[in-house]
Amino acid sequence: MPPPSNDPFAGDNATGAEAAATSGPSSSGADRREAQDVNQLRQGSGSSEATPLITANGGPAPATASRGSGSVVAAPPEQQSSTSMCKVVLMLACTMAIALAAGIAASPFILSKVGGLSKAGSEQENPGGGSAEEVKSTTSSAFLTPVASAIKPLISAGGGDEVTDARGEVQDYLTFDGDYDSIISQGKSQFLDECSQRLAPLQCLDVRAGSIVVQVAGLASVITQVREALDKVGLSLPGFPQLKVVPSTSGKASTKAVTTAKPKSTTPETTGIALTSTITTTLSDTGTTSSKTQTATLTTSTNPFPPGPFECKSDISFKAAKMMDKKGMALDDTTMAGCPSLINVNWPHTKENISSLRLFKSWDEGWSTTLDRKYVWKQLRDYVWRNNVKVLYGTMISCSEEQDDQDWQYVRELMKYIGSEYAMGLAVGNEVELIQYKPNISRKCVDGMFSGGYFFQKLASRADDLLDLEGFEDIPLTTVMGGYVLAGNPFINTKECGALAFLKRVVERFAGRWVFTWNVYPYFTPEFQMDQGIFHSCNQAMMKAVNFAIPSQLPTMLRDFRARMKAITGQDDDIMWLGETGWSYPMATTLNTAMRNCKPWSTVEMLELYYQNFLEWDLSLGPNVMGVDHAFYFSFRDSQNFGAHEGFGLETDCSSTHCKIQEE
């Protein structure tokens, strides 16, 4: 349940148009792949009939009222794909031969490719993720005392600016306080059936965790009336405990249509926004002020995208996802700056909720976006609160102390705004070891970063600042490093990159609070070469890179990282996170290994295989080795890396309604 409201943005409407995409430099990749040259360095119960809350005419509901007038037709069972072989012929034609050559005798991830894909059939559109079979109702009889309600008679649709179908139906979400796993998980179908009868003529389409979130469909006016009634009396169902509603952050039904028709007006409204040039005067809950405030008025269009929840559409689903409570998504700058209301609720192609996010930064004045920071943060907070998502915050380390401190100010304000109960940890710096290879970096910066102690001093300072933030005093601390640090034993320790000395200091200072976090991208591994022979193929590299079996590239590198961690701490069970991994389609312009000449390397089929295998990976690294404690996948949408396009997104941009991975 969200913490008590202390919202300085309460009542704010969207203050800017969510841009279709951002064109500025992307920080969620800026420190990951700083320049093309750096890529060669990185990878060394039954149902009971419930009484409706309201009746169609707005009067009292009789105890034996039936379900409302609407119905949901169950979709046919999902069918196994008959075209999978065509999509992965390059990989599957030589699976066994390559597996033997690469030492991968049995790869359940690759070998399950043919049978692992399924079409979504003719399921109705359901952004909340519930299946049609779970939506269908069953009928039996039970007595439920009618709940007195002051709801007015039902009104017909037609007022306002909602985008509706002929019946004026929209979809929205009702959030109730409670633990989903203990109350709902074993009786989801029964809950949806009783809920639909209780809230008739609304239909309850899906229910999921965070705390208990119910997706409903019906007239917007009815949703508003039901919400008002639930605020007063809660939700009573025969087979479940009384549920108390969590107040909506919006206070009205969303306008996402079940079947859309042309809006009444296609001209966006404009709003004058007062923007300040300082970061200490914009949030009233920080208690800070500034004497150097410059105010300007910016006129922007209102949000053209529907409010969340959002799911990209696809006819492919993956059903064998594992350990999803220990996996999260790294939030790209395209989504953060351009369409924060379109952060996916579920992992694409699954019905698994996303439970953690990694933020690279909280705000960047250099982002090319028309959105106001307050609006972006409110959308992010609503997403985190509604879906009970944990956040790994990131703050930058660069050659500009002024910019680093300003970034940290933003991060602290966002952390306080969202709340400590949603904090997973703080990452200070992202692949700082590669800062020496950035263009136009001074020798003074390079010498001062590790040898001069700037990096460690800033990390220690950030930890000290957390002592003044209630609830954040002892959250886990980390920095994110990549394969370049493996250039020494156990880690590189030069004047330009004293990773070993740095890690020894932080382990000594923060002990068990410290988390080791590594970025591993088989996509960029420089050791992969084209196959020998007249065909000049790249099958062996593809098999080792896309596979998550024990001998493959990613598990091998992570085992190496864990062994080297032990050389510092003497322990086998240090906490270890995978900070990022992913696959680019189309080809990343920053790819400059031999795999640029491998035509299948950057195809959608390889993206599909890598993402599916990530979902099915159980985070293990082999016998007698502790696995990964948490893993992040990059990313929702494609992004720019210092102006260079990279296609690591599972969706293309903010205007995309479909996932990249499709059956056809």
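Worth saying up front: this structure is predicted, and the values here are computed from it rather than measured.

1. Description of the state of the cysteines
The full count for this structure, using the stated rule, is five disulfides. Here Cys195 pairs with Cys204 through a disulfide, and the sulfurs are 2.0 Å apart. Its torsion about the S-S bond being -60 degrees, the disulfide of Cys195 and Cys204 is classed as left-handed. Accessibility classification places Cys195 together with Cys204 in one group, the buried group. Disulfide pairing is shown between Cys339 and Cys654; the S-S distance is 2.0 Å. Residues Cys339 and Cys654 are joined by a disulfide whose S-S torsion is about -75 degrees; by sign, that bridge is left-handed.

2. Concerning helix H15 (residues 454-466)
The end-to-end C-alpha distance of H15 is 19 Å, a good match for the 18 Å that 13 residues give at a rise of 1.5 Å each. Burial analysis of H15 places ten of its 13 residues in the buried class, which makes it a mostly covered element. Those residues of H15 lying buried are Tyr454, Phe455, Phe456, Lys458, Leu459, Ala460, Arg462, Ala463, Asp465 and Leu466. Looking at the packing, one finds that the buried side of H15 touches helix H13 (401-418), strand S15 (423-430), helix H14 (443-449), strand S16 (477-481), helix H16 (499-510) and strand S17 (514-519).

3. What to know about unusual backbone geometry
Residues Ala200 and Pro201 are joined by a peptide bond in cis, for which omega reads 10 degrees. The residue Pro201 is located in the loop between helix H9 (188-198) and strand S4 (203-209) in this model. Here the bond from Phe634 into Ser635 is cis, since omega is 15 degrees, no more than 30 degrees from zero. Relative to the assigned elements, Ser635 resides in the loop between strand S19 (630-633) and strand S20 (639-641). Phi at Glu431 is positive, roughly 55 degrees, even though this residue is not glycine. With respect to the helices, strands and loops of the structure, Glu431 is situated in the loop between S15 and H14. Unlike most non-glycine residues, Leu619 shows phi in positive territory, near 70 degrees.

4. Here's the deal with the packing of aromatic side chains
Taken as a whole and assessed by the stated rule, the structure comprises 31 aromatic pairs. Ring centres of Phe614 and Tyr633 lie 5.2 Å apart, and the angle between their planes is 55 degrees; this geometry places the pair in the tilted category. Of this pair, Phe614 sits in helix H19 (residues 604-616) while Tyr633 sits in strand S19, and the two are 19 residues apart along the sequence. On the basis of relative accessibility, which here comes to 0%, the residue Phe614 falls in the buried class. Note that Lys327 overlies the ring of Phe614, its terminal NZ or CZ placed 5.1 Å from the centroid. Its end group placed over the ring of Phe456, Arg505 keeps NZ or CZ at 3.8 Å from the ring centre.

5. Considerations on the confidence of the model for the protein chain
Across the protein chain, pLDDT averages 74, with 65% of residues at or above 70. pLDDT under 50 marks residues 1-17. Its contacts with residues more than four places away, or in other chains, come to 48 contacts.

6. Thoughts on the side chain of Asn346
By secondary structure assignment, the location of Asn346 is in the loop between helix H11 (333-338) and strand S13 (356-359). Of the residues examined, Asn346 reaches a relative accessible area of 2% and is grouped as buried. One polar contact links Asn346 to Asn353, side chain to side chain, over a distance of 2.6 Å.

7. Some points on the sheet that holds S17
Spatially, the eight strands close up into a barrel ordered S12-S13-S14-S15-S16-S17-S18-S19, and their pairing is parallel. Across the sheet, the axes of successive neighbouring strands diverge by a mean angle of 25 degrees, strand direction being ignored. Both strand S12 (residues 327-331) and S13 contribute to a ladder of three bridges, which runs parallel. Paired with Leu331 across the strands is Leu359, a residue of S13.

8. Quick look at helix H12 (residues 373-387)
Between the first and last C-alpha of H12 there are 21 Å, a value that for 15 residues agrees with the 21 Å anticipated at 1.5 Å per step. Of all the 15 residues making up H12, 13 are buried; the element is thus mostly covered by neighbouring parts of the structure. Where H12 terminates, the next one or two residues include Asn388, which has phi positive at roughly 55 degrees.

9. Topic: the environment of Asp572
Along the chain, Asp572 turns up in the loop between helix H18 (553-569) and strand S18 (576-580). Note: C-alpha distance between Asp572 and Arg562 (ten residues apart in sequence) is 7.6 Å. With near-sequence residues (within four places) excluded, Asp572 lies in contact with Arg562, Lys566 and Met626. Engagement of the side chain of Asp572 in a polar contact is seen with the side chain of Lys566, the distance being 2.9 Å.

10. Side note on the pairing of S18
Within a regular strand, the side chains alternate between the two sheet faces. Judged by how many residues are buried, S18 sits mostly within the fold: five of five residues are covered. With four bridges connecting them, S17 and S18 associate as parallel partners. Residue pairing across strands places Phe516 opposite Met576, the latter belonging to S18. Sheet analysis places S18 next to S19, joined by two bridges and oriented parallel. Along S19, the bridge assignment pairs Leu578 with Ala631. Taking the sense of rotation as the criterion, the β-α-β connection linking S18, H19 and S19 turns out right-handed.

11. Regarding the packing of helix H17 (residues 539-546) against H19
Here H17 crosses H19 at 30 degrees, and the two axes come no closer than 10 Å. Compared by their axis directions, H17 and H19 come out roughly parallel. Contacts from Met542, Ala545 and Val546 of H17 reach H19 at Met606, Leu609, Tyr610 and Asn613. Classifying every residue of the contact of H17 with H19 gives six nonpolar, one polar and no charged.

About the cut-offs
Residues numbered from 1 in each chain as written. Predicted model: local features only at pLDDT ≥ 70, side-chain atom pairs only at ≥ 80, totals over all residues. Heavy atoms only, no water. Disulfide = S-S within 2.5 Å. Buried < 20%, exposed > 50% of the residue type's maximum accessible area, 1.4 Å probe, protein only. Helix = DSSP H or I, 4+ residues; strand = E, 2+ residues; numbered from the N terminus. Expected span 1.5 Å × (residues − 1). Contact = heavy atoms within 4.5 Å. Phe/Tyr/Trp six-rings, centres within 6.5 Å; stacked < 30°, edge-to-face > 60°. Lys NZ or Arg CZ within 6 Å of the ring centre and 35° of its normal. pLDDT = per-residue confidence, 0-100. Polar contact = N/O pair within 3.5 Å; in protein donor to acceptor, adjacent residues only side chain to side chain. Pairing = 2+ DSSP bridges. Axes fitted to C-alpha atoms, helices over the stretch in contact; angles between N-to-C directions. Right-handed = clockwise from strand over helix to strand, strands pointing away. Parallel < 35°, antiparallel > 145°, perpendicular 65-115°, else oblique. Nonpolar A, V, L, I, M, F, W, Y, C, P; charged D, E, K, R; others polar.

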